[in-house]
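# Geometric and topological summary
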Amino acid sequence: MKIAYLHRITFDESEARFLKEAVEMGIELAPIKYRKLRLVDGKISFNEIDLADFDGWYFRSVGSELEWSKLLQLYARKHGIPVVDEYLMTEGPLRRFKSIMTWQLLEAGVNYPKSAYVETINDLKKELTRWEFPAIVKLSQGGRHGMGTFWIREMEDVEKLVHVLEGRREKAKEKGEKQVPLRGFLIQEYIRNDGDYRVMTVGYKCIGGFKRQVKEEKLILNKSQGNSIAVKDLPVDVVEIAERAARVLGVEVAGTDIIRDTESGKVYIVEVNEAPQFKVFEKRTKVNAAKAILKYCVNK
């Protein structure tokens, strides 16, 4: 079995875990960065190896690689190559935009916070005059480790949000890195909760999960008030909504964040993350995530 492991950024720990498990399972796993690919005479290759010669492809991450993602999608269809994740054969990387995820989940009737998508800072300020505070504002393009999620308690917090983003843009400019655009905001109602569940699904089936403590109530809503805890038996409704959301979005390998409203008791999807990191997941659950993902790829 020969699988192409397509990725954009090397996370040494995750890649090492996959390579270790692949050796033990007798799988030839080839890590390939998009920008090492070539398209010549209708053939996509890596180090002179035709990608059509692989038994299947696992897209570990896509991010901003819109062009290569589309080319690979077309090539997979032409040669009938099995691909994980399925969303890449439809919406592609555009699914990572929170506005699009929001649309798909709400259209499917999955419990998801009341939301609105606006384009500019001025639009954001105008729309927030119709909302109750506190409210959540997210960058539609996302942000790693919650850095794109903001807790807005009053209108003045929007100016603080702008200041933070402009500071990040300036640092990125100095380093010659891509600057996050100051546009595209998703507004969500704030649902009071006692922390969130992180549930991992592979092939739309839950393989385990753990619970994180409630977030610190500050502008950047990215830090919990304590360490995450193991959950031996996840609540049935938490498992069901995680599996349903992943299937609706076509994310075969997903790390889904779920909260429970402390007033109504209902569970809501907060985020469905493709290609989730699993270091903490494996530590808390004792589940071998890398092996589960590779086994699913082989079976597909």
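Presented here is a report on the structure given in the accompanying data block. (Residues numbered from 1 in each chain as written. Predicted model: local features only at pLDDT ≥ 70, side-chain atom pairs only at ≥ 80, totals over all residues. Heavy atoms only, no water.)

## Section: the nonpolar core
Leu-37, Leu-51 and Trp-57 are the most contacted members of the largest nonpolar core, which totals 44 residues. Once you skip the residues sitting within four places of it in the chain, Trp-57 turns out to touch Ala-4, Leu-6, Leu-51, Leu-72, Tyr-75, Ala-76, Ile-81, Pro-82, Val-83 and Val-84. Membership of the second largest hydrophobic core comes to 20 residues, among which are Tyr-5, Leu-29, Val-84 and Ala-290. (Core = buried A, V, L, I, M, F, W, Y, C linked by side-chain atoms within 4.5 Å. Buried < 20%, exposed > 50% of the residue type's maximum accessible area, 1.4 Å probe, protein only. Contact = heavy atoms within 4.5 Å.)

## Regarding the packing of helix H3 (residues 98-107) against helix H6 (residues 236-249)
Contact pair H3 / H6: the axes reach a minimum separation of 10 Å and the direction vectors enclose 115 degrees. Judged by the inter-axis angle, H3 sits roughly perpendicular to H6. Viewed along their axes, H3 and H6 form a crossing whose handedness is right-handed. In contact with Met-101, Gln-104 and Leu-105 of H3, H6 contributes Ala-245, Val-248 and Leu-249. (Axes fitted to C-alpha atoms, helices over the stretch in contact; angles between N-to-C directions. Helix = DSSP H or I, 4+ residues; strand = E, 2+ residues; numbered from the N terminus. Parallel < 35°, antiparallel > 145°, perpendicular 65-115°, else oblique. Left-handed = near helix turned anticlockwise from the far one by under 90°.)

## Considering the sheet that holds strand S14 (residues 229-230)
Reading across from one edge, S14-S13-S12-S15-S16 is the order of the five strands in this open sheet, with antiparallel pairing throughout. The outermost strands of the open sheet, each flanked by one partner alone, are S14 and strand S16 (267-274). Sheet topology places strand S12 (residues 196-202) next to strand S13 (residues 205-212); seven bridges connect them, and they run antiparallel. Residue pairing across strands places Tyr-197 opposite Lys-211, the latter belonging to S13. (Pairing = 2+ DSSP bridges.)

## Regarding the side chain of Thr-256
On the secondary structure map, Thr-256 appears in strand S15 (residues 253-260). Exposure remark for Thr-256: the relative accessible area of 0% places this residue in the buried category. Contacts of Thr-256, omitting those with residues within four sequence positions, involve Tyr-197, Arg-198, Val-199, Ala-242, Ile-269, Glu-271 and Val-272.

## Structural notes on unusual backbone geometry
Following Val-84, the chain continues into Asp-85 via a peptide bond in cis, with omega recorded as 20 degrees. Along the chain, Asp-85 falls in the loop between strand S7 (83-84) and H3. Cis rather than trans, the peptide bond between Phe-133 and Pro-134 has omega equal to 0 degrees. Mapping Pro-134 onto the fold places it in the loop between helix H4 (121-128) and strand S9 (135-139). In this model, Asn-47 sits at a positive phi of 50 degrees, which is unusual for a non-glycine residue. The residue Asn-47 is located in the loop between strand S4 (43-46) and strand S5 (49-50) in this model. Although it is not a glycine, Glu-48 adopts a positive phi angle of roughly 70 degrees. Mapped onto the elements of the fold, Glu-48 is located in the loop between S4 and S5. On the basis of relative accessible area, Glu-48 is assigned to the exposed category, the value being 65%.

## Points about the sheet that holds strand S3 (residues 38-40)
What the three strands build is an open sheet, ordered S3-S4-S5; its pairing is antiparallel. Only two strands of the sheet have a single neighbouring strand rather than two, namely S3 and S5. By the bridge criterion, two bridges tie S4 to S5 in an arrangement that is antiparallel. Directly across from Ser-45, in S5, lies its bridge partner Asp-50.

## A word on the pairing of strand S6 (residues 56-59)
Burial of S6 is two-sided: the residues Gly-56 and Tyr-58 facing one way and the residues Trp-57 and Phe-59 facing the other way are all buried. Note that strand S1 (residues 2-7) and S6 share four bridges and pair parallel. Opposite Ala-4, over in S6, you have Trp-57 as the bridge partner. The pairing of S6 with S7 spans two bridges and is classified as parallel.

## Quick notes on the packing of aromatic side chains
How two aromatic rings sit relative to each other is set out by the distance from centre to centre and by the angle between their planes. On inspection of all chains with the given rule, the structure shows seven aromatic pairs. The interplanar angle of 70 degrees and the centroid separation of 6.0 Å between the aromatic rings of Tyr-5 and Tyr-58 together place this pair among those described as edge-to-face. Residue Tyr-5 is located in strand S1, and its partner Tyr-58 is located in strand S6; the two are separated by 53 residues in the primary sequence. By the burial criterion, Tyr-5 is buried, and Tyr-58 matches it. (Phe/Tyr/Trp six-rings, centres within 6.5 Å; stacked < 30°, edge-to-face > 60°.)

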